[in-house]
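Chain residues, written in single-letter form:
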There are 2 protein chains.
Amino acid sequence: MTEEVTRALTAAERACRTKGLALTPVRRRVLQLLLESPAPVKAYDLLASLKPDGGAQPPTVYRALDFLTRAGLAHRIEALNAYTACVHVGGRGSAELYICEACGLVEERHRHRAPEDGPDGFHINRSVVEHYGRCSACATAQASA
Amino acid sequence: MTEEVTRALTAAERACRTKGLALTPVRRRVLQLLLESPAPVKAYDLLASLKPDGGAQPPTVYRALDFLTRAGLAHRIEALNAYTACVHVGGRGSAELYICEACGLVEERHRHRAPEDGPDGFHINRSVVEHYGRCSACATAQASA
DNA sequence: CTCCGGTATGTTATAATATTTCATCGGGTG
DNA sequence: CACCCGATGAAATATTATAACATACCGGAG
Ligand SMILES: [Zn+2]
Ligand SMILES: [Zn+2]
Ligand SMILES: [Zn+2]
Ligand SMILES: [Zn+2]
């Protein structure tokens, strides 16, 4: 486990403690798997990774993911049915994700300003914003090819 | 079939003809079902609606939806696994959807400006933007309750 | 006309994603 | 201890989506 992952897990534990949330072993393990992956992870891949530990079932993984996303420790990528650890824990507002279709890299920005309301007085509770394309490394590689 | 739906179907036919695309009976029928629904429709609901016509199978529906979304006649709502007819056919750029969680109403804006690029030279090909909340009618109803 | 290539559809089966339901465990609280 | 409650275990099932192969149809080339 890299130093970076360890630090993120420690930060997550602190964040949970201050909010009165329980970062239990399964939840922590799932978060670790998300942190260790260079690209978004699918629920059933997490499930497979957990199998060696003990015969985990789908609900185990989905419950952990539900907890992590509610706690702001992870994000669900809607158009991929996949999940990624939040790299801006504590950031306010919903995240905008930039997902490289070539290498899977996910970059992330949390919006600071509240989203302005939509047309006709539509009141926004929650936004899903996902941008698909090429990260700078992959864009460069592609251009030179 | 309401006047409005008829008009939208005619417009879709014209749009397809000018682009050399074939709005075949299944595709047209699926688009009609999307146009007639006041709320987003799930693929298997479309499938059920098609059954009476003849025993349609999942691939039939998914292929039609794929065609319609590519042709810009419909949108897939990623976070709902559902589909809705495009109300701005011919609008440039990707759509931003405003989805009422109370009544299912979908409002839609097409972005005029190209999306600015993301962090670190990330190059955006395609964006998914979905806002969830309350339409003005439902927001008012809620407030007075 | 006949053949051929491409697009669209039909058909069967299966893969991938997600939830429901009920049982159990374990830690706090009175 | 008796109770509650949040978390987990376990089995079954629901929902969403695709793979793979066969068939039909329509255009143009020969
Ligand atoms: Zn984040
Ligand atoms: Zn990349
Ligand atoms: Zn549209
Ligand atoms: Zn509404």
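Residues numbered from 1 in each chain as written. Chains lettered and ligands numbered in written order. Predicted model: local features only at pLDDT ≥ 70, side-chain atom pairs only at ≥ 80, totals over all residues. Heavy atoms only, no water.

Named according to an unreviewed UniProt entry, chain A is Transcriptional repressor originating from Alkalicaulis satelles.

Explanation requested: the coordination of the zinc ion (ligand 2) in the structure shown.
In a perfect tetrahedron of four donors around a metal, the angles come out at 109.5 degrees. In a perfect octahedron of six, they are 90 or 180 degrees. Residues and elements named next belong to chain A. Taken together, C100 (SG), C103 (SG), C135 (SG) and C138 (SG) make up the full set of protein donors to the zinc ion (ligand 2), lying 2.3 to 2.4 Å away. One can describe the donor arrangement at the zinc ion (ligand 2) as tetrahedral, given that its 4 donor atoms subtend angles of 105 to 113 degrees at the metal. Spacing between the donor residues of the zinc ion (ligand 2) along the chain follows C-x2-C-x31-C-x2-C. Placement of the pair is C100 in strand β4 (residues 95–100) and C138 in helix α5 (residues 136–144), with a sequence separation of 38 residues. On the basis of relative accessible area, C100 is assigned to the buried category, the value being 2%. The exposure class of C138 is buried, given its relative accessible area of 15%. (Donors = N, O, S within 2.8 Å, 3.2 Å for Na, K, Ca; no water. Tetrahedral: all angles 85-135°; square planar, octahedral: opposite > 155°, others 65-115°. Helix = DSSP H or I, 4+ residues; strand = E, 2+ residues; numbered from the N terminus. Buried < 20%, exposed > 50% of the residue type's maximum accessible area, 1.4 Å probe, protein only.)

Looking at this model, I keep getting lost on the protein's contact with DNA strand C. Mind explaining?
Near DNA strand C you find 16 residues, and of these K42(A), Y44(A), R76(A), T24(B) and R63(B) are the closest. Counting only atoms of DNA strand C within 4 Å of the protein, the fraction found in sugar and phosphate groups is 46%. The contact in question runs from a phosphate oxygen of DNA strand C to an N or O atom on the side chain of K42(A), over 2.5 Å. A distance of 3.0 Å separates a phosphate oxygen of DNA strand C from a polar side-chain atom of Y62(A). Breaking the surface near DNA strand C down by element, the ones donating at least two residues are α4 (58–70) of chain A together with α2 (25–36) and α4 (58–70) of chain B. Here the element with the most residues in the surface near DNA strand C is α4(A); it accounts for 4 residues. (Near = heavy atom within 4 Å. Polar contact = N/O pair within 3.5 Å; in protein donor to acceptor, adjacent residues only side chain to side chain.)

Please clarify how the packing of aromatic side chains should be interpreted in this entry.
Two descriptors summarise a pair of aromatic rings, namely the distance from one centre to the other and the angle between the planes of the rings. Residue and element names in this part refer to chain B. Taken as a whole, this structure holds 4 aromatic pairs over all chains when the rule is applied. For the pair Y44 and Y62, a centre-to-centre distance of 6.4 Å together with 65 degrees between the ring planes defines the contact as edge-to-face. On the criterion of sequence distance, the pair formed by Y44 in helix α3 (residues 43–50) and Y62 in helix α4 is long-range, its members being 18 residues apart. For Y44, a relative accessible area of 51% gives the class exposed. A relative accessible area of 36% places Y62 in the partly exposed class. (Phe/Tyr/Trp six-rings, centres within 6.5 Å; stacked < 30°, edge-to-face > 60°.)

Would you explain the pattern of salt bridges in this entry?
Oppositely charged side chains are able to pair whenever their charged atoms sit close together. In the structure shown here, the tally under the stated rule is 6 salt bridges over all chains. Across the salt bridge formed by R28(A) and E13(A), the nearest N and O atoms sit 2.2 Å from each other. Taken together, the positions of R28(A) in helix α2 (residues 25–36) and E13(A) in helix α1 (residues 3–19) put the pair 15 residues apart, joining distant regions of the chain. For R70(B), the salt bridge is made with D66(B), and the minimal N-O distance between the two is 2.9 Å. Of the two residues, R70(B) and D66(B) are both situated in helix α4; the distance of 4 residues between them amounts to about one turn of the helix. (Salt bridge = Lys/Arg side-chain N within 4 Å of Asp/Glu carboxyl O.)

I keep staring at the coordination of the zinc ion (ligand 1) and nothing clicks. Help me out?
All names here are of chain A. In this structure, H75 (NE2), C86 (SG), E108 (OE) and H110 (NE2) serve as the protein donors to the zinc ion (ligand 1), at separations of 1.5 to 2.1 Å. Coordination geometry of the zinc ion (ligand 1): the 4 donor atoms subtend angles of 88 to 122 degrees at the metal centre, consistent with an arrangement described as tetrahedral. Look at where the donors of the zinc ion (ligand 1) fall in the sequence and you get H-x10-C-x21-E-x1-H. Of the two residues, C86 sits in the loop between β3 (82–85) and β4 while H110 sits in strand β5 (residues 106–110), which places them 24 residues apart along the sequence. Neither residue differs from the other here; C86 and H110 are each classed as buried.

Whenever I open this one, the protein's contact with DNA strand D confuses me. Can you help?
Close contacts around DNA strand D come from 16 residues, with T24(A), R63(A), K42(B), Y44(B) and R76(B) the closest. T24(A) places a polar side-chain atom, nitrogen or oxygen, 2.4 Å from a phosphate oxygen of DNA strand D. Between DNA strand D and Y44(B), the relevant distance is 2.8 Å, taken from a base nitrogen to a side-chain nitrogen or oxygen of the residue. For the surface near DNA strand D, the secondary structure elements donating two or more residues are α2 and α4 of chain A together with α4 of chain B. Looking at which element gives the most residues to the surface near DNA strand D, the answer is α4(B), with 4 residues.

Is there a simple way to think about the sheet that holds strand β4 (residues 95–100) of chain B in this case?
The sheet built from 6 strands is open, its strands ordered β5(A)-β4(A)-β6(A)-β6(B)-β4(B)-β5(B) with mixed pairing. Because the sheet does not close on itself, it has two edges, and the strands there are β5 of chain A together with β5 (106–110) of chain B. In this sheet, adjacent strand axes meet at a mean angle of 15 degrees when their direction is disregarded. Note: strand β6 (residues 123–134) of chain A against strand β6 (residues 123–134) of chain B, 11 bridges, orientation antiparallel. Across the sheet, residue G133(A) finds its bridge partner in β6(B), namely I124(B). (Pairing = 2+ DSSP bridges. Axes fitted to C-alpha atoms, helices over the stretch in contact; angles between N-to-C directions.)

Hey, could you run me through the sheet that holds strand β2 (residues 74–77) of chain A in this one?
Backbone-to-backbone hydrogen bonds pair the strands of a sheet. The strands run either parallel or antiparallel. Residue and element names in this part refer to chain A. Read from one edge to the other, the open sheet built from 3 strands follows the order β1-β3-β2, with strand pairing classed as antiparallel. Single-partner strands in this sheet number two, and they are β1 (41–42) and β2. Each of β1, β2 and β3 touches α2; the most contacted strand, β3, lies at about 90 degrees to it. Packed onto the sheet, α4 meets β2 and β3 and runs at close to 115 degrees relative to β2. (Contact = heavy atoms within 4.5 Å.)

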